[in-house]
Amino acid sequence: MLKNYFKIAWRNLVKSKVFSFINIAGLTTGITVCMMIFLFVIHEFSFDNFHTQGKNIYRLMRTFDPNNPPVPYVSGPYAAALGNDFHKEIKQIVRVMPDNDLFTYNNRPFNEKKVLIVDSNFFSFFTFPLLRGNPATVLADPNSVVLTETTAKKYFGNEDPIGKILDMNTNRKLRVTGIAKDVPGNSHLDFDVVLSLSIYKDQPWMYEWLNNNNFTYVMLDPQANAAAIQKRFPAFMNKYLKATMEKTGVAFSLTLRPLRDIYFDAGADFDLVRHGDKKVVYVFLSIAALILIIACINFMNLSTIRAAERSKEVGLRKVMGALRNTLTWQFLGESVLMTVISCILAICLLFILMPVYDDLLGYTLGIPYNQWYLYAFLGGVVLVVGLLAGSYPALILSRFSPIEALKGKLKHGKGGSLFRHALVVVQFSISVFLITGTLIINKQMHFVKNRQLGYNQDQALVIRIDNGDFYTHMKTFKQELETNSNIASVSMMSGEPGGFFDHHSFQVEDHGDNIWQGHTEFADVDFVKTLGLKIIAGRDLSRNYPTDSLLAVLINAKAAQDLGWTPQQALGKWIKNTVRDSLPRRVVGVVGNFNFSSLKDTIGPLIISPGMDRRVAIVRLRSGDIQNDVAIVKKAYAAVAPAYPFEYSFLDQKFGELYKKDIRQENILSIFSGLAIIIACLGLFGLASFTAAKRTKEIGVRKVLGSSVRNIVLLLSKELLSPVMLATLIAIPVAYMVMSNWLQGFAYRTPMYWWIFVLAAVITVAIALVTVSIKALKAALANPTQSLRSE
């Protein structure tokens, strides 16, 4: 019986070629988009799941300012202290220190950016499969190293890598003891090289409580309770850090973050591991639902308007004894068959489009053909779309009276027309909403890219001070470049604008024993000059004042404001970093505010100290011949760090990196918005075809009586464009509210100009007008004698 249903369904699909094509095209596009988003959502929500099967793993988080989110970096001594004080609750502890280092084999150097320096139990703690080596012993030797499969091939080709010797940072030899599978894309930790933390066991900084440079993960006993452990952390901190907290005036506290929550931890973007945004996931899910709704509405609309064409078929089948239930199942069978065909085509289309989609996302998703959930999703689509979208047309068609149907006297009625127009309103409301959202996101990204940031970011090279040779000889590097007329200035600092700025505690004049929090930049005396900052009060740091290195400091205008001073009042006030300074420093100058962090954040207070902490060099070029100037800088770098490859970026690229996710979101939303309106227009084209066919005789009579082609096109278009106009009026207020909320995520945002909404409306109406006019014009140009003869 089921076979017969599908045979009849197939015959009817072939018979109604135009309507079947439009329906299948719309469903295929909608299902393809839904599959893309489904794969993205599965990827996002599966992060670190493979590590936590049967394990209670948490990352230790440290808080020192209740107004800011906790940070994941802690110092080396925490691990041993936790193991000692919580030995019943904690089964295992592992420390992970992200790093980048130079590795050389056969005189071929590689500056590896994804290096993890870890405790020896790393591979037994986490579930990173080893292709070669024993997880329990692979890092037992302090001079051992584990490479991923791809990294091993990069160094050794087809040679057996086990036992090979790599030079690390030109001063240490490591033996390859294991090969790990390439890190899966759904792990927050990512690495190419793993080595033992015990290589630093003799370094004093490993035992300093304030030297926070590693992550600490704990695996709890199945019977242990994380909340109960966290209640004991205050006593733990007092036991080990009471004297430090009293000295600095900072109350440190600890929390435990479940491993599965790390990926969506919005406050830890600077920790050099992979992070995602749940809001983006929910936005994509919403888009998938909206596009699928548009495709389903197409199906329902086009199926119901074909009711008159199939009325005689229904009447004849009822006269021959067919029951209403039988007809209902027949029409549902057509719907399900059409959905199955669309799913098959969607899989083929997905296979073609996945490389483009991966490029838009910035990482590889892949199609999990061997995973049950893909087929469960497709089965769900068939059931939901096939049965839900097909139920209304099936009920409408199966309830026709056989006598009226055979006489051909069926009318669609005002109610049916209103329902079809209501569906068109829903379709185009969604389309207008997506187009408006896309325009506003595009406007905000343009605003971000072109905003004046308060510093000069043109022709400035950013070079990481990420190796011992460069760090040791950075003064020589700076002096060499300063003698070259092509170089405007050079500055060494702790962080470039758009990068990471330390958050420190300060004692401040006129503020008693209260501890004040602010961002800190440690930089040399050329910092202001190199970035082109403006001194609005006082003077700059200067070599002409030898005591500046120990006793002077700059602050920004925001810091002066937060401390209750005008820029002039701030001059001469003392301020002391509770961790770094042995003596108070005097404010010698106030710089104008500049955006040193993301534009999603307001400008915060900043203390610019000449204290030593050099992680970045910025070289400002002068001549305008970029290629030649970069060669000059490269030569100077090679003179002080010959073993290391010269790597740099431009300062004006930094903010582009900060908004990379937002830009990708903008691009994907633009594409999906375009697809949504294409699907909606397919339905409108079908509706226009039906309207033109239904009014064939009327058009013929009007033309005989003298109506022009223009008047006929306007007549047909007016009826179909009215719901589009109504959809625009409904969607614009909704888009305004939703996008206002989205813009709240930016401290500096573009105004939502009225013309953005007008443009979205014009785009939608113009596309709909073109779609309708094609069919209306064809009907208007038809020979009236043919139109009248057809009746």
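Structure shown above.
Remember, it's a predicted structure, so these values are computed and weren't measured experimentally. (Residues numbered from 1 in each chain as written. Predicted model: local features only at pLDDT ≥ 70, side-chain atom pairs only at ≥ 80, totals over all residues. Heavy atoms only, no water.)

Peer 1: I'd like a rundown of the overall build of the chain, residues and numbers included.
Peer 2: Each helix and strand in the chain was counted, giving 27 helices and 21 strands. For the chain, long-range pairs separated by at least 24 residues make up 80% of all intrachain contacts whose partners lie at least 6 apart in sequence. A total accessible area of about 36,200 Å² is found for the chain, and carbon and sulfur atoms account for 58% of it. (Helix = DSSP H or I, 4+ residues; strand = E, 2+ residues; numbered from the N terminus. Contact = heavy atoms within 4.5 Å. Areas by Shrake-Rupley, 256 points an atom, 1.4 Å probe, with all protein chains shown as cover.)

Peer 1: Go over the pattern of salt bridges, please, and point to the residues and values.
Peer 2: For the coordinates displayed, the defined rule picks out 26 salt bridges. Note that Asp581 and Arg585 form a salt bridge whose closest N and O atoms lie 3.2 Å from each other. Each of the two residues, Asp581 as well as Arg585, counts as buried. If you follow the salt bridges from partner to partner, you end up with Lys478, Glu482, Asp524, Asp526 and Arg543 in one network. (Salt bridge = Lys/Arg side-chain N within 4 Å of Asp/Glu carboxyl O. Buried < 20%, exposed > 50% of the residue type's maximum accessible area, 1.4 Å probe, protein only.)

Peer 1: Which residues make up the pairing of strand E7 (residues 172-180), and what values go with them?
Peer 2: Put simply, side chains in a regular strand alternate between the two faces of the sheet. Relative to E7, strand E4 (residues 130-132) runs antiparallel, the two being bridged by 2 bridges. In the sheet register, Arg132 faces E7, and the bridge partner there is Ile179. Taken together, the 5 bridges between strand E5 (residues 144-148) and E7 define a ladder with parallel strand orientation. Residue Val146 lies in a different strand from E7, and its bridge partner there is Gly178. Joining the antiparallel neighbours strand E6 (residues 165-168) and E7 is a turn of 3 residues, in which Asn169 adopts a positive phi near 55°. (Pairing = 2+ DSSP bridges.)

Peer 1: Quick one: what's the story with the nonpolar core, residue by residue and with numbers?
Peer 2: Counting residues in hydrophobic clusters, the biggest one holds 104 residues, and the most contacted among them are Phe40, Tyr357, Phe428, Phe527 and Phe672. In terms of residue count, the dominant contributor to this core is helix H2 (residues 17-45) (12 residues). In this structure, Phe236, Met237, Met245 and Phe252 belong to the second largest nonpolar core, which totals 27 residues. (Core = buried A, V, L, I, M, F, W, Y, C linked by side-chain atoms within 4.5 Å.)

Peer 1: Which residues make up a nonpolar patch on the surface, and what values do they have?
Peer 2: Side chains of Leu349, Phe351, Ile352, Leu353, Tyr369 and Tyr375 sit close together on the surface and give an oily, nonpolar patch of about 590 Å² of accessible area. Ranked by residue count, the leading element in the nonpolar patch is helix H11 (residues 324-361), at 4 residues. (Patch = residues over 30% accessible without salt bridge, like charges linked within 9 Å, V, L, I, M, F, W, Y side chains within 5 Å.)

Peer 1: Explain the state of the cysteines to me, and be specific about the residues and the numbers.
Peer 2: Linking two cysteines covalently via their sulfur atoms produces the bond known as a disulfide. Under the defined criterion, the tally for this structure stands at 0 disulfides. Free of any disulfide, Cys34 has its nearest cysteine sulfur in Cys296, 8.6 Å distant. The exposure class assigned to Cys34 is buried, which follows from its relative accessible area of 6%. (Disulfide = S-S within 2.5 Å.)

Peer 1: I'd like a rundown of helix H21 (residues 626-640), residues and numbers included.
Peer 2: The end-to-end C-alpha distance of H21, which contains 15 residues, comes to 22 Å, matching closely the 21 Å that a straight helix rising 1.5 Å per residue would cover. Residues of H21 that are buried include every one of Asp629, Val630, Ile632, Val633, Ala636, Tyr637 and Val640, and no others. Looking straight down H21, one finds its buried side chains confined to an arc of 155°; they lie on one side. Within H21, the exposed residues directed more than 90 degrees away from the buried face are Gln627, Lys635 and Ala639. On the buried face of H21, the contacting elements are strand E11 (460-464), helix H15 (468-472), helix H16 (474-482), strand E12 (487-493), strand E20 (616-621) and strand E21 (649-650). (Expected span 1.5 Å × (residues − 1). Arc of directions from axis to C-beta.)

Peer 1: Which residues make up unusual backbone geometry, and what are the values?
Peer 2: With glycine set apart, most residues show a phi of negative sign, and most peptide bonds adopt trans. If you check the backbone angles, Asn107 has positive phi at about 65° while not being a glycine. Tracing the chain through its elements places Asn107 in the loop between strand E2 (90-105) and strand E3 (108-118). Residue Asn107 is classed as exposed on the basis of its relative accessible area of 74%. At Asp510, a residue that is not glycine, the phi angle is positive and equals roughly 75°. Of note, Asp510 is situated in the loop between strand E13 (502-508) and strand E14 (515-522). Given the relative accessible area of 55%, Asp510 is considered exposed.

Peer 1: Residues and numbers for the environment of Thr28, please.
Peer 2: You can see Thr28 is positioned in helix H2. According to the relative accessible area criterion, Thr28 is buried, its value standing at 8%. Placed 322 residues apart in sequence, Thr28 and Leu350 show a C-alpha to C-alpha distance of 10.0 Å. When near neighbours in sequence (up to four residues on either side) are disregarded, Thr28 contacts Ser342, Leu345, Ala346 and Leu349. Polar contacts involving the side chain of Thr28 include one to the main-chain carbonyl oxygen of Ile24, which spans 2.6 Å. (Polar contact = N/O pair within 3.5 Å; in protein donor to acceptor, adjacent residues only side chain to side chain.)

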